[in-house]
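Close look at the chain arrangement
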Protein chains: 2
Amino acid sequence: MDVALLHAFVQVSEIGSISEAAPALGYSQPGLSQRIQTLERRLGCRLFERGPLGVRLTDRGEAVLPYARIMIGVADALRAEARRD
Amino acid sequence: MDVALLHAFVQVSEIGSISEAAPALGYSQPGLSQRIQTLERRLGCRLFERGPLGVRLTDRGEAVLPYARIMIGVADALRAEARRD
DNA sequence: TTCATTTACGAATAGCGTAAGGATG
DNA sequence: CATCCTTACGCTATTCGTAAATGAA
């Protein structure tokens, strides 16, 4: 479970579009699409419904989202703790 | 920030030995040693003091440990949420 | 010498970008 | 046909195990 994948997930869910989120995350559009697929494969469930106007969270995606946000927050705190003087 | 790395970190800290923790995690001993080094490099701090009788947490390692445990717990909850019916 | 970790190195794997493909309005 | 997302493919970087090296008691 890589926090970078969760970060991509959260960003895409907020923007509602892979192609739009990609540059914001520093990825190419297909690269980000692959990342989302990797996350879905690892979790064993579909997080987004795809459409020609972007993506939308599935119910499962909605359920997972808050946990992803918590993971990102704790990861930040962990890193901060590691670098404290 | 990969939760698998944190899992290795916690396990090694509990067992107090890389060589002993390795089989429990399904890794070779050098493989686990490399994993710990990878985590330390990514966090930018040393987590263990190495000795000829095993390893011991540094102060920084002690500080990071509870966050690692939280990460693992939240990751489990996230996965459970993803697979719920 | 024994038991611990690290380093070296080669093979397999994963990650990412470019280019092409498919689908929908 | 314009705009999404996906697939294909190649290259690079990461990962992990085996073997050799290092260090301390």
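Residues numbered from 1 in each chain as written. Chains lettered and ligands numbered in written order. Predicted model: local features only at pLDDT ≥ 70, side-chain atom pairs only at ≥ 80, totals over all residues. Heavy atoms only, no water.

**Some details on the relation of the copies chain B and chain A**
It takes a turn of 180° to lay chain B on chain A, together with a shift of 0.0 Å along the axis; the resulting RMSD is 0.1 Å. The superposition operator between the copies reduces to a two-fold rotation axis. Minimal C-alpha distance to the rotation axis in chain B is attained by D2 of chain B, lying at 2.2 Å. The fraction of interface residues of chain B whose copies in chain A are also interface residues reaches 100%, indicating that both copies meet through the same surface. (Least-squares fit on C-alpha atoms with pLDDT ≥ 70 in both. Contact = heavy atoms within 4.5 Å.)

**A word on the interface of chain B and chain A**
Taken together, the contact between chain B and chain A spans 24 residues of the former and 24 residues of the latter. Together, M1, Y67 and L78 of chain B form the three largest contributors to the area buried by chain B at its contact with chain A, with a combined 28%. At the junction of chain B and chain A, the tally comes to zero salt bridges. Linking chain B with chain A are six residue pairs in polar contact (both at pLDDT 80 or more). Within the residue set of the side of chain B that touches chain A, elements represented by two or more residues are α1 (3-15) and α4 (59-83) of chain B. (Buried area = accessible area lost by both parts, 1.4 Å probe. Salt bridge = Lys/Arg side-chain N within 4 Å of Asp/Glu carboxyl O. Polar contact = N/O pair within 3.5 Å; in protein donor to acceptor, adjacent residues only side chain to side chain. Helix = DSSP H or I, 4+ residues; strand = E, 2+ residues; numbered from the N terminus.)

**Some remarks on the nonpolar core**
Counting residues in each nonpolar core, the largest one holds 60 residues, and the members touching the most others are F9 and M71 of chain A together with F9 and M71 of chain B. In contact with M71 of chain A, other than residues within four places in its own chain, are M1, V3 and L6 of chain A together with V3, M71, V74, A75 and L78 of chain B. (Core = buried A, V, L, I, M, F, W, Y, C linked by side-chain atoms within 4.5 Å. Buried < 20%, exposed > 50% of the residue type's maximum accessible area, 1.4 Å probe, protein only.)

**A look at the protein's contact with DNA strand C**
Surveying the vicinity of DNA strand C reveals 21 residues, the closest of which are R35 of chain A together with I18, S19, S33 and R50 of chain B. When the atoms of DNA strand C within 4 Å of the protein are grouped by moiety, sugar and phosphate amount to 67% of the total. Measuring from a phosphate oxygen of DNA strand C, one finds a side-chain N or O atom of Y27 of chain A at 3.2 Å. Here R42 of chain A contributes a side-chain N or O atom positioned 2.9 Å from a phosphate oxygen of DNA strand C. Elements that contribute at least two residues to the surface near DNA strand C include exactly α3 (29-43) of chain A together with α2 (18-25), α3 (29-43) and β2 (54-57) of chain B. Grouping the amino acids of the surface near DNA strand C by side-chain chemistry returns seven nonpolar, eleven polar and three charged. (Near = heavy atom within 4 Å. Nonpolar A, V, L, I, M, F, W, Y, C, P; charged D, E, K, R; others polar.)

**What to know about the protein's contact with DNA strand D**
Around DNA strand D sit 22 residues in total, of which I18, S19, S33 and R50 of chain A together with R35 of chain B are the nearest. Contact between DNA strand D and Q34 of chain A: a base nitrogen at 3.4 Å from a side-chain N or O atom of the residue. Between R42 of chain B and DNA strand D, the recorded distance is 2.8 Å, taken from a side-chain N or O atom to a phosphate oxygen. Within the residue set of the surface near DNA strand D, elements represented by two or more residues are α2 (18-25), α3, β1 (48-51) and β2 (54-57) of chain A together with α3 of chain B. Counted by class, the surface near DNA strand D contains seven nonpolar, twelve polar and three charged residues.

**Focus on the side chain of R35 of chain A**
You can see R35 of chain A is positioned in helix α3. Not counting chain neighbours up to four residues away, the residues in contact with R35 of chain A comprise A4, L5, A8 and Y27 of chain A.

**Overview of the environment of A24 of chain B**
Looking at the element boundaries, A24 of chain B is found in helix α2. When the C-alpha atoms of A24 of chain B and Q11 of chain B are compared, they prove to be 8.6 Å apart, with 13 residues separating the residues in sequence.

**Side note on the UniProt feature "domain: HTH lysR-type" (unreviewed entry) in chain A**
As annotated by UniProt and renumbered to match this structure, "domain: HTH lysR-type" (unreviewed entry) occupies residues 1-58 of chain A. Regarding residues 1-58 of chain A, the helix share stands at 62% and the strand share at 14%, and the terminal C-alpha atoms are separated by 20 Å. (UniProt positions renumbered as here; feature names shortened; annotations may be inferred.)

**Some words on the pattern of salt bridges**
Side chains bearing opposite charge may pair, as long as their charged atoms lie close to each other. All names here are of chain A. For the structure on display, the rule yields ten salt bridges over all chains. The salt bridge partner of E14 is R69, with a shortest N-O separation of 3.0 Å. One end of the pair, E14, is in helix α1 (residues 3-15); the other, R69, is in helix α4 (residues 59-83), and 55 residues separate them in sequence.

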